[in-house]
Structure formats: C-alpha cells, structure tokens
Amino acid sequence: MLTNVLMPRLGESVGEGTVSKWLVRPGDQVREFQPLLEVDTDKVNAQVPSPLSGTVRELLVEAGAAAAVGAVIALIEADIKPADAQPSSIGQPDVRTSGTASRTKLVSPAVAAMAETSGIDTGQVRGTGSGGRVTKRDMVTAAAKLAEAPKQASLPVTVGPDDELVALTRTRRLIADNMARAKATVPHAWQTQEVDMAGVVANRNLHKASFAQQEGFGLTYLPYVLAAAVAGLRAVPTVNSSFSDAGIVVHRRIHLGVAIGREDGVLVPVIRDADGLSIAGLARSLNDLTSRAQARALTADDLTGGTFTVNNSGSFGTLLSYSVINPGQAGILTMEAVVDRPVARGGLIGIRPMMYLCFSLDHRVLDGLAAARFLSSCRSWLEATNEATPIF
Amino acid sequence: MSELTIVEAIRSALLSEMERDERVMVLGMDVGRLGGVFRATHGLLDRFGHERVVDMPLAEAAIIGSSLGLAIGGMIPVAEIQFLAFAHQAFHQLGRQLGRYRYRSVGRFHAQVTVRAPCGGYVRNPEFHSDSIEAELAHQPGLKVVCPSTPFDAKGMLLEAIRDPDPVIFIEPQRLYRSFRMDVPDDDYTVPFGKVRLAREGDDLVLIAWSAAVELCVRAAEQLSTEGIEAAVVDVRSLVPLDVAGLVAAVRPSGKAVVVQEAPLTCGFGAEIVATLQEEAFYDLDAPVLRVASWDTPQPAGALEGWYLPSLRRIVDSARSLATD
C-alpha cells in the first residue's frame, strides 16, 4: 500500500515549503523516522522524517521546487507488516519479508485445517491474500461453491503407472465448467425430426460452383440449417429465450451461436442479428468466424451474446446427438449427416438425402409441444427449399 | 433508565449498594470531603457519614491493608486508589495479603474487597498517573481484574464486584469518565465477570481490547469500514476471569485478530491473549495475531502521549495489513 508523504507545516504562519534537498531516491528502503528530505521555509530549515518504514516509490517534487503545506511530496510503499506493530527490540534481527514475494504455497493453520477437513486442494484455490496466499476466506468461498454445486465436484481419480495425466488447458477447463454447470442446472429434454434434404441439396448443387468462384469459399449445408433455425425461432419466439428465477426472458433479437470444433475443444462464436442475413450472408459470416477460429483470432465479443446455438456434428458423420445446452439459452439445434436413405413416399420407395435434426431443450422453458413446433418449422423451411430459392 | 456517564454510573452503583447493604463502605484518599478526585464518591459522606466514608492518608498500603482487615471483620470495603499506578505502593498488600487471604486461611475468611482505580492515558496527566499496569495485577493469583468501558458495564460490574466474595480490582477508564452518556437502568442489575462483549460486528478481522482502548478500536473500525474492511471489536472487560471461549468464538470466523493495549508491549495482557488464542484457536488462525501497544519506554510527558500510546493510525494500519494479508 502506498502512503503519501505530505509537506509538513513548519511554522504557524508558513503556507509552503521548498524542497532544498532529497536525502533518498526512488527504490531506497527507509525506516520510520529516517530523514527523507530537507525543507526550507522563510522561517526554518528542517529535515522531514519518514512516516513509516518501506520503500520510496516516487518523489513528486523536485529539489528546489516549492510545495504547499499538506501537498503530497512523495509516495512510500509500506513494508508488508506495519513497522509500528512490531516495536524494535535491541538486537532483534529485521525479519520482515518483501511485499512482492510470492506466497502461493504458504498455508496458514486455518487453511491447512480446512484443506484437511474439506478435501479442497489449496493449489486449486485462487489466493486473494498478500503474495497470492490462499486465505481462510478463500477456502470458505471455495467450500461454499463446492456445496452449492455438489454435482460439479469431480470424483477423485488416481493416476496409475499406465495412465498419462493431461493437464487441463484454459479452454478445456472452461468447457468443463460450462458443461458441468449446464448439466447440473438445466433440465434437458430431447427431440428429433427427420428432414428430406432433396430441395436443399438441389439448391446447393445449382449454386456450388458459381458461389465458390465468386466468394472464394465453398457453400455448405450449414447456412441453410442456420436459416431454417432462424425461421423456427421466428415461428416459436420462446425458443429464443433465457430462463431466470424472475421469469423467462424472451429475446427479440436473434444472435446465433455456431459450434465450431477445434482440436483443443469447441468454440461457439456468434452471428449477430442472423435473421437479417440471406443464405449467402450467413455463409459469409460463418466463413469469417470459422477461419478466425482456426487462426485463433476470435475476440471475446465474437464469443458472447448468443441467444440460441446451432451445432453441426453431422460433419463428423454422426446421425444422432444429444447436445448440451449453452447455459443461458433455451435450446440447441443439431444438424446431423445428410445421408441417402430409402424412404417410403406415397406408396413408393425412393432414395432421398435425409437428415436428422436434433433439438435439446431446457424443459423449464419449453414443453414437448413448443419444441415440436419449433422443429417442424425448421423442417418445413428446409423441405420447402428448392432450386428457385434465392441464396443472395 | 437514566443517561449516565461512566463516573455517574459508578457513583450510582456505590450509592445504591451502600443503601442496600450497610456493611458496604468506601475508603481512600479524598473520597470523603472532596468527594473523590474524579467526584466518583461525591455526596456519599453527607449521606452515610464518617464511619462508612473514610478519608485515608496518602498511604496506599494502609488503604488496602485496612480494607482487608475490615473485610475479615465483616465489612464490605470499596477502596479507592487515586490512580492505578499508585497501587505499586500497596503491592505487597494486594498480591501477598489480599489475593492470598482466603487461600491462606483455608477458606475461613473471604476477602470481600473491591479496589477501584482510574487508569489509562490520553488525558495528559503528569507522570505515574496514566500507567496501565493491569497485567501486573492480573498476574497476582487470587485477584479478579475487570475493566469496563461503558456506563452500563461500569454500574453492573461494580455491583458484581462489591458482591463478589473475593477481591476484585475494578479498573476505570479515566479518559472515558465523562466522554459519553448511555442509558443505564435505575434498577439493581449486575454484569457477570468472564464474558466478553461484542462492541461491533465485522467479518474481516477482530480488534480485541479492554478499558478505554475499546472506544479507540470502535473508531478505528469505523475508519476501516470506509475502506471496505469490516472489523469486529471485542471488549474483553474481564481480564481475570478471562472468557477464553468467547475470545475463540470471536476470532474463529475470520482467523485474524489484533490485540490493542495501552500498556507497553512486553509482558502486557495482550501477550496473554495472544498466547491463549494460539493455544485454543491455532487451527482457526489465518494469520499471525498482531499487537498494537505502547512502546517499551516510560510513559512520556503529556505532550508526547500521541507518539507513545496506540494511535488510531497504528491500529488502522495494523488491521489493514492483517485484513489484506
């Protein structure tokens, strides 16, 4: 902590003093009462003692300059223990520790006792004490968190001789916390519908070559599903909402999160106001976010503010997924692989490109009927798409 | 209920107890005609006469020795030592005689004596008038030592002291004698010894004090509060018997404590509290228990008291360093 050294009043009628000479320099260690500077007034010349023991951080008035009585003329950083709490005894060595030394491994009796009884590893607790020390309060906070979300506590796992312990990256840790929170706090339910993608496939085949030439990247099925999700959200607005104890917060604006897989984990960047974009516009936004995700160039703004999420695990070849809802949203829509399948239609069996649309929903917000309406709206939009559907 | 200062509360306790029990009497220097150097016994002489309100010579050993003899003879003396540090003149009578008499007589004689004495600094008294020697008295087995810091406790603890069958040293905070008033019941009531009083609540650390230092600690806590640090203040108020369980309970939540005493640091009663806390609450402590005390020098002349006694700044600095430790 910094302490101000003030220009003292050196006489009843004296309003300012001139620093005639500094006796210390920034960085110097000083003891309480050690002279810091010499001051001239029109009445007296005097030495100004240090108000405390510590390190001189800054001299704010140059030698030769005047300062008003009470003005701050220097800053001194106190030693970690105030000197006056420890009156000096003759022959007692100075054992004060530096204020900047790391104390992350230092454990007080109270913290050690709490670690023993609670099973909390002090190394996993963020220390707020001096030098990063874990304090008793930090342990109480950690224990309270643990008690609040008992399901989040992971079981102890022993690492055997044939096992390898892979340290958690920051991303992995965040995903772990988020997923554990989602599953612990959001009651998930799940539905799926099967979609005939023939119209979408035809539309994409029609535009694929020219699109790649014009835009410089390929047109995938995902922008179509994003557009379908927007249509579904517009038809059933409560899907675009957040649950809170005060009530269900329905979001008027549609910001679509899109799950993008990377080797070290999944990221969910957000396409803002997705309902204002054409299929091509969605494709461009998606391409921008995907390339920046791979280049690790996404910003915090890109990753926050989503009101709903679309997941594309079909690109990995999966047929059905039970995705975990992003906490704060009411559902997540997953598109699966588009697969040619024999389908019965009007008494005939034909080969059609089929896809499952999976929907995980927060059952506190949505019931089966609303969820089915939403999925049906998405499916209808996709099945109504044909070669004539404009993409720009 | 009346709004009383500490000195008025003491006078009210003496008056009501002398009316209630004719064995109760006061003796000391200037307690009669003058009414006490701080007017604590004002009016008692007129009311109860020379037999029960006795002016004594400037001879502290004689005051204490006479009190013991009177107690053995069946009276209940309340002796006044004009300033606590003058009790050194009576130390043999206090420690060897008064404190031991029940033990020495194998329980046959109780020494039912109360010794009142003002104590403490910040009033710019001359030499010897401010020394805080409570630890020296607490170190004498057989003596109870109490130090109230409010008018309510002053009356309730003085009545408790007078009725206690054993000798009680009743230390009065001279700085606070007339500094504030509070509601004090007109009725008879006692405040039992051996119970700490929570003077202020706070989650971040505990300031532990007794006598006038309690008031200083409350002010320090208010200043700390403006910085976002909430300090509890515990008024020990009874050094012997000591409320060990109460101290441990107060320190346990935060695990951080500063003991503030007006006496010089070395061998002060603060050391006893720190030692007790490390014995009884070691696994609840989150940081070293700190002490703020006067320096290990003689009490200086009045003008220098501010440099010598625990100041608001020293308490605040210590508490802050502990809160952020």
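Rules and cut-offs
Starting from 1, residues in each chain are numbered consecutively following that chain's sequence as written. A letter from A marks each chain and a number from 1 marks each ligand, given out in the order of writing. It should be noted that, the model being predicted, local features are given only for residues of pLDDT at least 70 and side-chain atom pairs only at 80 or more, the latter also being counted only at that level, while totals for whole chains, interfaces and linings use all residues. Computation of side-chain values covers all heavy atoms of the structure but excludes hydrogens and water. Any two residues whose heavy atoms approach within 4.5 Å are treated as being in contact. Each of two parts loses accessible area, computed with a 1.4 Å probe, when they are put together; buried area is these two losses added. Think of a salt bridge as a Lys or Arg side-chain nitrogen and an Asp or Glu carboxyl oxygen that are within 4 Å of each other. We call a set of buried residues a nonpolar core when its members are Ala, Val, Leu, Ile, Met, Phe, Trp, Tyr or Cys and they connect through side-chain atoms within 4.5 Å of each other. Under the scheme applied here, a residue whose accessible area is under 20% of the maximum for its type counts as buried, over 50% as exposed, and between as partly exposed, the area being computed with a 1.4 Å probe on protein chains only. The helix and strand labels rest on DSSP assignments: H or I over at least four residues marks a helix, E over at least two residues marks a strand, and numbering proceeds from the N terminus. Following DSSP output, two strands are said to pair if at least two bridges run between them. Axes here mean lines fitted to C-alpha atoms, for a helix over just the part in contact, with angles spanning 0 to 180 degrees between N-to-C directions.

**Here's the deal with the interface of chain B and chain A**
- Each side of the interface is counted separately: chain B has 27 residues, and chain A has 23 residues.
- In total, chain B and chain A occlude about 1,800 Å² of area from one another, counting both sides; carbon and sulfur atoms represent 51% of this.
- Broken down residue by residue, the surface that chain B buries against chain A is led by D286(B), W295(B) and D325(B), which jointly contribute 31%.
- Inspection of the chain B/chain A interface yields six salt bridges.

**Describing the nonpolar core**
- Core analysis: the largest hydrophobic core is formed by 85 residues, its most contacted members being I10(B), L94(B), L98(B), L137(B), I208(B), I273(B) and L277(B).
- Sort the elements by how many residues they give to this core and helix α1 (residues 6-20) of chain B lands first, with seven residues.
- Setting aside its immediate chain neighbours within four residues, L277(B) contacts I208(B), L247(B), V248(B), V251(B), A257(B), F282(B), L285(B) and V289(B).
- Counting 53 residues, the second-largest nonpolar core is a separate cluster that includes L219(A), A283(A), L357(A) and L361(A).

**Some points on the sheet that holds strand β5 (residues 45-49) of chain A**
All names here are of chain A.
- Strand order in this open sheet of four strands is β5-β4-β2-β7, and the pairing throughout is antiparallel. Strand pairing shows two members of the sheet lacking a second neighbour, β5 and β7 (66-68), which therefore form its edges. Going across the sheet, the axis of each strand differs from the next one's by a mean of 40 degrees, ignoring polarity.
- Summarising the sheet, strand β2 (residues 16-22) and β7 pair through three bridges and their orientation is antiparallel. Within β7, the position partnered with T18 by the bridge is A66.

**Some details on the sheet that holds strand β3 (residues 53-55) of chain B**
Residues and elements named next belong to chain B.
- Pairing in this open sheet of seven strands is mixed, and the strands run β3-β2-β4-β5-β7-β6-β12 from one edge to the other. Taken across any chain shown, the strands that pair with only one partner, and hence form the sheet edges, are β3 and β12 (238-240). For this sheet, the mean inter-axis angle between neighbouring strands, taken without regard to orientation, is 20 degrees.
- The sheet contacts of α1 involve β2 (24-28), β3, β4 (76-80), β5 (114-119) and β7 (168-173), and relative to β2 the element is tilted by about 130 degrees.

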